[in-house]
Amino acid sequence: MEFISPQFSFVTREEAWKTLPQQKWDVVIIGGGITGAACARDAQLRGLKVLLVEADDFASGTSSGSSKLIHGGVRYLKNAEFKLVFTAIQERERLTRLYAPFVQPIPFVFPTYTRKFPPRWMLNMGLHMYDAFSGFNEHHQNLTRNESIERYPLLEDKGLTGSIVYRDAFAEDYRLVIELIKSAHRSGATCLNRVAAVSFENLNSGFRTRLQNRLSGKECVVDSKLIINCAGPFSDSIRKLLKLPEKLYLTQGVHFLVPRAKFPIQEAYVISDPKQDRILFAIPWNSTTYFGTTDTPVKEVKEARATKEDLEYVIQEVNKAFNLPLRKEDVFQSWAAVRPLIKPPEKPEGAKSVSKVSREHEIIEEPEGFFHVLGGKLTSHREMAEEAIDLLGERISFARDCQTQDLPLQGQFFEGEANDLERRYGIFAPDIAAWDKAKNLGRMKITQDLPITAAEIYYAIHHEMAIDPIDFLRRRSSLYYEKADPKIIEAVTKIFAQELKHDQSWYQASLKSSENIYAWDTEGFK
Ligand SMILES: Cc1cc2nc3c(=O)[nH]c(=O)nc-3n(C[C@H](O)[C@H](O)[C@H](O)COP(=O)(O)OP(=O)(O)OC[C@H]3O[C@@H](n4cnc5c(N)ncnc54)[C@H](O)[C@@H]3O)c2cc1C
């Protein structure tokens, strides 16, 4: 059977692992979130020999737990972070073009109320700047009270003065990471999941990194001229191995999901909470609507999960903004993620709100040849990677300049209106049909009420290095977020067990492990 996508799987992973120590790498990248994936793609496209290692699964860190917005960030305007917003809007425009159909424009409705921050004039001023930063590709719209009530009947109308409608963009964050990794792989980079960097030795001519294969427990060492730390919220643990001081300030943000039928919105909404000086979003996504986010300091990344207090807070704010009540019993799932924010010069406890800690990024070289890409946003990943790899240019020469400014994510532009499958796989969508045929599946769905098919599991195993069922459930498809049903976990695990030739004890252990992950995210707020 012919596939458009190259093989990128447990087989290629095993083959690559065996040859790692014999190769001379230009750069080792630690972390397979959006930052590491973008750095790997950029560096490989410039002609470097790249190895990316991810301790868990690609996108298993913050990059599958964001609000899934490719946006300028209206609220950063209030903190006068104009450079951040300008760059983010430039990137939003670029990614909407180059990453279609994965990045999709969506309208946002920002209702305004009497005696509630922000006042309409201020919002208009900010959004005028937003429009200007896009080169006036966009013009936000002002709706009167009556127009708002007519168009958006779910909005709370008590005190409503009108609403402002503007555009930003949405992307399934984990799919962006997977597509970036696949793109890096197609260009020749070696990208491995379940491989952790565990120690470093500074050789005079470069670095020696000890790697641990998290599946076999085996270790090996690799030599490279340079290293980039892209470990997101774990970046300080890499810095600790080098005896460098901590740089990060971690906060967790949570999101809650309800079935879309229970909260049937068609556009995204912005909910202002002037008391906490922050904004929340209500966003329609496939069969769900999700709400978030929060911003609470957290000590350990692994501790992050939504709590009862988080749910109470989100319900309280949502119920002020809509006349359709959000009810606890309708919330069936949550996700939590940790922001790798850069510590501000003064202690954050002194600041009025943690939301004010900047989302800007910083790239530090410490020691020479070892780069740390800290902070940043999903939206700015390409630009951050470009800047990081440019800095590598001071230590190494490239065959080519940066290629990612104009290169489509999948190597060619996606033309026309995407159907459901194309929205998830872009130009590789025909491979799903090919797997369906190869396995004689008759377009069998995994669960009746969602469009995701069994063929997508085979595709994830053979072309997206999915190793565990949870990789598919949570980071290749939206199943985890759309339906918490043990039957789905069983169906997916069965196919993994057959295709990867695992025995019954693996099947049972894997089921249990997935169930525990689901339970972690639900039990915290129930
Ligand atoms: C709640 C929330 C909402 C957000 N919403 C948005 C949004 O809507 N729009 C936006 O632009 N930004 C948003 N962000 C920010 C954005 O999600 C993050 O900036 C981005 O995902 C960080 O990506 P990363 O690759 O740096 O980190 P991660 O995605 O965490 O990746 C780091 C990876 O490094 C791996 N790793 C760690 N240690 C090792 C090791 N020793 N060896 C190998 N691998 C290792 C980890 O397993 C992890 O997968 C949000 C953040 C949060 C928390």
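Parameters and conventions
Residues numbered from 1 in each chain as written. Predicted model: local features only at pLDDT ≥ 70, side-chain atom pairs only at ≥ 80, totals over all residues. Helix = DSSP H or I, 4+ residues; strand = E, 2+ residues; numbered from the N terminus. Rg over C-alpha atoms; globule rule 2.2 N^0.38 Å. Buried ≥ 20, exposed ≤ 12 C-beta atoms within 10 Å, placed from the backbone. Contact = placed C-beta atoms within 7 Å. Pairing = 2+ DSSP bridges. Right-handed = clockwise from strand over helix to strand, strands pointing away. Core = buried A, V, L, I, M, F, W, Y, C linked by C-beta atoms within 7 Å. Axes fitted to C-alpha atoms, helices over the stretch in contact; angles between N-to-C directions. Parallel < 35°, antiparallel > 145°, perpendicular 65-115°, else oblique. Left-handed = near helix turned anticlockwise from the far one by under 90°. Nonpolar A, V, L, I, M, F, W, Y, C, P; charged D, E, K, R; others polar. Domains from an automatic or database assignment.

Moving on, we come to the overall build of the protein chain. Looking only at helices and strands, the protein chain has 17 helices and 18 strands in total. Compactness check: the protein chain gives a C-alpha radius of gyration of 23 Å against a globular reference of 24 Å for 526 residues, within 12% of the reference. If one aligns the C-alpha atoms of the protein chain with their principal axes, the spans along those axes are about 70 × 55 × 45 Å. Sorting the 526 residues of the protein chain into buried and exposed places 48% on the buried side. Within the protein chain, residue pairs in contact and separated by at least 24 positions form 70% of the contacts whose partners lie at least 6 positions apart.

Among the five residues that make up strand β2 (residues 50–54), five are buried, leaving the element largely enclosed by the rest of the structure. Across four bridges, strand β1 (residues 24–30) lies against β2 in parallel orientation. Each residue of the ladder has a partner; that of I29, found in β2, is L52. Running through helix α2 (residues 34–45), the crossover from β1 to the neighbouring parallel element β2 is right-handed.

With respect to the secondary-structure elements, D521 resides in helix α17 (residues 504–523). Of the residues examined, D521 has 21 C-beta atoms within 10 Å and is grouped as buried. Spatially, the C-alpha atom of D521 lies 15 Å from that of S66, the residues being 455 residues apart in sequence. Filtering out sequence-adjacent residues up to four positions away, D521 remains in contact with R305, A306, Q333, S334 and W335.

Before going further, it helps to examine the nonpolar core. One broad trend across soluble globular proteins is that nonpolar side chains are buried collectively. Residues V27, I29, C39, A40, V50, V177 and I228 are the most contacted members of the largest nonpolar core, which totals 137 residues. Setting aside chain neighbours within four positions, we find V27 in contact with A43, L48, V50, S224, K225, L226, I227, I228 and L392.

A few words now on the packing of α2 against helix α10 (residues 381–392). Packed helix pairs are characterised by how far apart their axes lie and by the angle those axes make with each other. Where α2 contacts α10, the two axes come as close as 8 Å, and the packing angle between them is 55 degrees. Viewed along their axes, α2 and α10 adopt a mutual orientation that is oblique. In this structure, α2 crosses over α10, and the sense of that crossing is right-handed. Only H381, R382, M384, A385, E386, A388 and I389 of α10 make contact with α2, whose side of the interface consists of I34, T35, A38, C39, D42 and A43.

What follows covers the packing of α2 against helix α7 (residues 173–186). For the pair α2 and α7, the least separation of the axes is 8 Å and the interaxial angle reads 25 degrees. The pairing of α2 with α7 is recorded here as roughly parallel in orientation. In the crossing of α2 with α7, the sense of the turn from one axis to the other is left-handed. Between α2, through I34, A37, A38, A40, R41 and Q44, and α7, the contact on the second element is made entirely by D173, L176, V177, L180, I181, S183 and A184. Along the lines of polarity and charge, the residues of the contact of α2 with α7 split into nine nonpolar, two polar and two charged.

We now examine the domain arrangement of the protein chain. Interface size is commonly expressed as the accessible surface area that is lost when the partners come together. According to the domain assignment, the protein chain contains domain 1 (10–62 + 174–245 + 357–392), domain 2 (95–170 + 249–356) and domain 3 (422–523). Between domain 1 and domain 3, the C-alpha centre-to-centre distance is 27 Å. Residue-level contacts link 12 residues of domain 1 with eight residues of domain 3. Secondary-structure elements contributing two or more residues to the side of domain 1 that touches domain 3 are α1 (10–19) and α7. Ranked by the residues each element gives to the side of domain 1 that touches domain 3, the list is headed by α7, at four residues. Taken together, the residues that form the side of domain 1 that touches domain 3 break down as five nonpolar, two polar and five charged.

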